[in-house]
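Descriptive analysis of the structure
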Amino acid sequence: IMQVPRLYIGVASIDELGLSFFGGGITTGMITTNLLEIYNASTDSLLVGNLSQARYQLTASSLPKQGLVFFAGGFADLSMSIPSDLIEIFYVHLNIWTTSTLSTPRGYLTSTSISSRCLVYFMGGRNISYGFSNVEIYNVNTNTWKTFYMSKQVFAGSATSLDKNGIVFFTGGV
């Protein structure tokens, strides 16, 4: 599906619309990229564009019912000395991009969402020196952020959610 093979990309989908999003990463030539590819399953076509910032080890999530896709954090350089706090938000139905920021620049973070409650969670991560324990929650309805802290600093973990019950699981990591 992807035109340019890449490692450490952000991936999200909106199943109801048949859309999959592949953003950022490192090319086989070890170049950090801002490439964005959107695959449309209903037309079997690929739209190619760009995120505003080249980065890898970013996370991506979506709020399918709202038609929103988020790309957050990551590293702008291969030595991990330039972590990003950028969140790029794509409004699929309007074809509009906007941005927000994480409270701390970092890569290796993970994300998930609870679409029925219009919430996106950005968890953990690290910069070149240390890991983070914060969980940042964005409420799309109120356009507000809340921050909570996990008991341990965690990065490179995984997250998932049970939308019906409003439960978020964060597991693994270093």
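This one's a predicted model, so the numbers in the text were calculated from it and none came from an experiment. (Residues numbered from 1 in each chain as written. Predicted model: local features only at pLDDT ≥ 70, side-chain atom pairs only at ≥ 80, totals over all residues. Heavy atoms only, no water.)

On a plain count of helices and strands, the protein chain comes out with 0 helices and 16 strands. Long-range contacts, defined here as pairs at least 24 residues apart, represent 39% of the contacts in the protein chain between residues at least 6 apart. Within the structure as shown, the protein chain displays about 8,400 Å² of accessible surface, and the carbon and sulfur contribution to it stands at 54%. (Helix = DSSP H or I, 4+ residues; strand = E, 2+ residues; numbered from the N terminus. Contact = heavy atoms within 4.5 Å. Areas by Shrake-Rupley, 256 points an atom, 1.4 Å probe, with all protein chains shown as cover.)

Applying the stated rule across the entire model yields 3 salt bridges. The salt bridge involving Glu-88 is made with Arg-55; its shortest N-O contact spans 2.4 Å. Here Glu-88, found in strand S9 (residues 86–91), pairs with Arg-55, found in the loop between strand S6 (45–50) and strand S7 (59–63); they are 33 residues apart in sequence, far enough to count as distant. The exposure class of Glu-88 is buried, given its relative accessible area of 4%. In this structure Arg-55 comes out as buried when scored by relative accessible area, which is 0%. (Salt bridge = Lys/Arg side-chain N within 4 Å of Asp/Glu carboxyl O. Buried < 20%, exposed > 50% of the residue type's maximum accessible area, 1.4 Å probe, protein only.)

Our next topic: the packing of aromatic side chains. The full count for this structure, using the stated rule, is 10 aromatic pairs. Measuring from ring centre to ring centre gives 6.2 Å for Tyr-8 and Tyr-56, while their planes differ by 50°; the resulting arrangement is tilted. Residue Tyr-8 is found in the loop between strand S1 (6–7) and strand S2 (10–14), and its partner Tyr-56 is found in the loop between S6 and S7; the two are separated by 48 residues along the sequence. Given the relative accessible area of 5%, Tyr-56 is considered buried. Relative to Phe-75, the ring of Tyr-56 has its centre 5.9 Å away and its plane inclined at 45°; by these criteria the two rings are tilted. (Phe/Tyr/Trp six-rings, centres within 6.5 Å; stacked < 30°, edge-to-face > 60°.)

Turning next to the environment of Gly-49. Along the chain, Gly-49 falls in strand S6. Classification of Gly-49 by relative accessible area gives partly exposed; the value is 24%. Separated by 12 residues in sequence, Gly-49 and Glu-37 place their C-alpha atoms 6.3 Å apart. Residues contacting Gly-49, with those up to four places away along its chain left out, are Asn-34, Leu-35 and Leu-36.

Right, let's get into the nonpolar core. Across soluble globular proteins, nonpolar side chains have a tendency to be buried as a group. Grouped together as the largest cluster of nonpolar side chains are 13 residues, with contacts concentrated most on Phe-21, Ile-38, Val-69, Phe-71, Phe-90 and Val-92. Setting aside its immediate chain neighbours within four residues, Phe-90 contacts Phe-21, Ile-38, Gly-67, Leu-68, Val-69, Asn-95, Ile-96 and Trp-97. Core analysis: the second largest hydrophobic core is formed by 11 residues, Leu-68, Ala-72, Leu-102 and Tyr-138 among them. (Core = buried A, V, L, I, M, F, W, Y, C linked by side-chain atoms within 4.5 Å.)

Okay, the sheet that holds strand S3 (residues 19–23) next. Read from one edge of the open sheet, 4 strands run S2-S3-S5-S6, paired in antiparallel fashion. Either end of the sheet is taken by a strand with one partner, and the two such strands are S2 and S6. Between one strand axis and the next, the sheet turns through 15° on average, direction left out of account. Bridging between S2 and S3 involves 5 bridges; their strand directions are antiparallel. Across the sheet, Ala-12 pairs through a bridge with Phe-21, a residue of S3. (Pairing = 2+ DSSP bridges. Axes fitted to C-alpha atoms, helices over the stretch in contact; angles between N-to-C directions.)

The subject of this paragraph is the environment of Ile-82. Along the chain, Ile-82 turns up in the loop between strand S8 (68–72) and S9. Of the residues examined, Ile-82 reaches a relative accessible area of 44% and is grouped as partly exposed. Ile-82 sits 27 residues away from Arg-55 along the chain, and the two C-alpha atoms are 9.4 Å apart.

As a further point, take the confidence of the model for the protein chain. Overall, the prediction assigns the protein chain a mean pLDDT of 89, with 90% of residues at 70 or greater. The least confident element of the protein chain, judged by mean pLDDT, is strand S15 (residues 158–162) at 64; the most confident is S8 at 98. (pLDDT = per-residue confidence, 0-100.)

What follows deals with unusual backbone geometry. A positive phi angle is found at Gln-57, which is not glycine, with a value near 55°. With respect to the secondary-structure elements, Gln-57 resides in the loop between S6 and S7. Taking the relative accessible area as the measure of exposure, Gln-57 reaches 13% and is therefore buried. For Cys-118, which is not a glycine, the phi torsion comes out positive at approximately 60°. With respect to the element layout, Cys-118 can be found in the loop between strand S11 (110–114) and strand S12 (119–123).

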